[in-house]
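Summary of the model geometry
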Amino acid sequence: MVTYSQVIHDNHEGGGLLLGRLIIDCNDVVVDDITVPNIEDQSGRFFFLRKGLAHQEKLKIRWLQSNGTCNYLGEWHTHPEAIPRPSNQDISNWKRILRETKFESGIYSL
Ligand SMILES: [Zn+2]
């Protein structure tokens, strides 16, 4: 993820998926892997849009390789700020993801 830090004015936002494990009998998760920006994604200094199927394909492969223990945990993206603050769009997206994503453990809910 550090590779995608926006340290130069021309750097675009980067983003992807967080992949990992839900820990049994607690609310902890472990991020084991991420997806990174690819040629199909769209980005600018102040936006990042996942496009195409590359992120979903990597999630599917990791899920199959792990016998279903490596799951979608969430999404990440960079901000062009030293101390990033979530935008209103970020907060809206988080709420949508929590509403629409189904987790087998049931630890996430609104
Ligand atoms: Zn953001």
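Position numbers for residues start from 1 in each chain and track the written sequence from start to end. Two thresholds apply to this predicted model, a pLDDT of at least 70 for residue-level local features and 80 or more for giving and counting side-chain atom pairs, whereas whole-chain, interface and lining totals are computed over all residues. Values reported for side chains reflect all heavy atoms of the structure, with hydrogen atoms and water molecules removed beforehand.

With an unreviewed UniProt entry as reference, the protein chain is termed Integrative and conjugative element protein, VC0181 family, source organism Desulforamulus aeronauticus DSM 10349.

Comments concerning the layout of surface pockets
Over the atoms a probe the size of a water molecule is rolled, and this reveals where empty space is left. Here the largest pocket defines a volume of roughly 850 Å³. A cavity here means a set of points on a 1 Å grid, drawn over the protein atoms and nothing else, where a 1.4 Å probe fits but cannot get out; a pocket is an open set with protein on both sides within 12 Å along at least five of seven lines, and a residue lines either one if it has an atom within 4 Å of a point. Together, 35 residues line the largest pocket, and Glu-75, Trp-76, His-77, Asp-90 and Trp-94 are the ones closest to its centre. Secondary structure elements follow DSSP: runs of H or I of four or more residues count as helices, runs of E of two or more count as strands, with numbering from the N terminus. The biggest single contributor to the lining of the largest pocket is helix 2 (residues 88–100), with 7 residues. Any residue outside Ala, Val, Leu, Ile, Met, Phe, Trp, Tyr, Cys, Pro, Asp, Glu, Lys and Arg is labelled polar, Gly included; the first ten of those are nonpolar and the last four are charged. Residues that form the lining of the largest pocket fall into these classes: 17 nonpolar, 11 polar and 7 charged. Grid points are joined across faces, edges and corners, and a volume is the space filled by probe spheres set on the points.

Quick notes on the coordination of the zinc ion
Coordinating donors are taken to be N, O and S atoms lying within 2.8 Å of the metal, or within 3.2 Å when the metal is Na, K or Ca; because water is excluded from the atom set, some sites may appear incomplete. Those protein atoms acting as donors to the zinc ion are His-77 (NE2), His-79 (NE2), Asp-90 (OD) and Asp-90 (OD), and they sit at 1.9 to 2.5 Å. A four-donor site is classed as tetrahedral when every donor-metal-donor angle falls between 85 and 135 degrees; four donors are called square planar, and six octahedral, when trans pairs exceed 155 degrees and all remaining angles lie between 65 and 115, with any other arrangement labelled irregular. Around the zinc ion, the 4 donor atoms sit at angles spanning 57 to 161°, and that spread fits a shape best called irregular. Positions of the donor residues of the zinc ion, expressed as sequence spacing, correspond to H-x1-H-x10-D. Taken together, the residues span a long stretch of sequence, with His-79 in the loop between strand 5 (71–77) and helix 2 and Asp-90 in helix 2 at a distance of 11 residues.

Observations regarding the pattern of salt bridges
In the sections that follow, a salt bridge refers to a side-chain nitrogen of Lys or Arg positioned within 4 Å of a carboxyl oxygen of Asp or Glu. Scanning the entire structure with this criterion turns up 6 salt bridges. The residue Asp-33 makes a salt bridge to Arg-62 at a minimum N-O spacing of 3.0 Å. Separated by 29 residues along the polypeptide, Asp-33 in strand 2 (residues 29–34) and Arg-62 in helix 1 (residues 54–65) bring together distant segments of the chain. Measuring nitrogen to oxygen at the nearest pair gives 2.9 Å for the salt bridge that ties Arg-50 to Glu-75. In this pair, Arg-50 is assigned in the loop between strand 4 (47–49) and helix 1 and Glu-75 in strand 5, connecting sequence segments 25 residues apart. Through salt bridges that share partners, Asp-33, Lys-58 and Arg-62 make up one connected network.

Digging into the sheet that holds strand 2
Any two strands with at least two DSSP bridges between them are considered paired. Taken together, 3 strands build an open sheet; the order of strands is 2-1-5 and the sheet is antiparallel. A strand with exactly one partner marks an edge of an open sheet, and here the two such strands are strand 2 and strand 5. Neighbour-to-neighbour, the strand axes of the sheet open up by a mean angle of 40°, direction not taken into account. Pairing geometry for strand 1 (residues 15–22) and strand 2, over 5 bridges, is antiparallel. Pairing of Leu-22 across the sheet is with Val-29, part of strand 2. Axis definition: a line fitted to C-alpha atoms, limited for helices to the stretch in contact. Angles are taken between N-to-C directions and run from 0 to 180 degrees.

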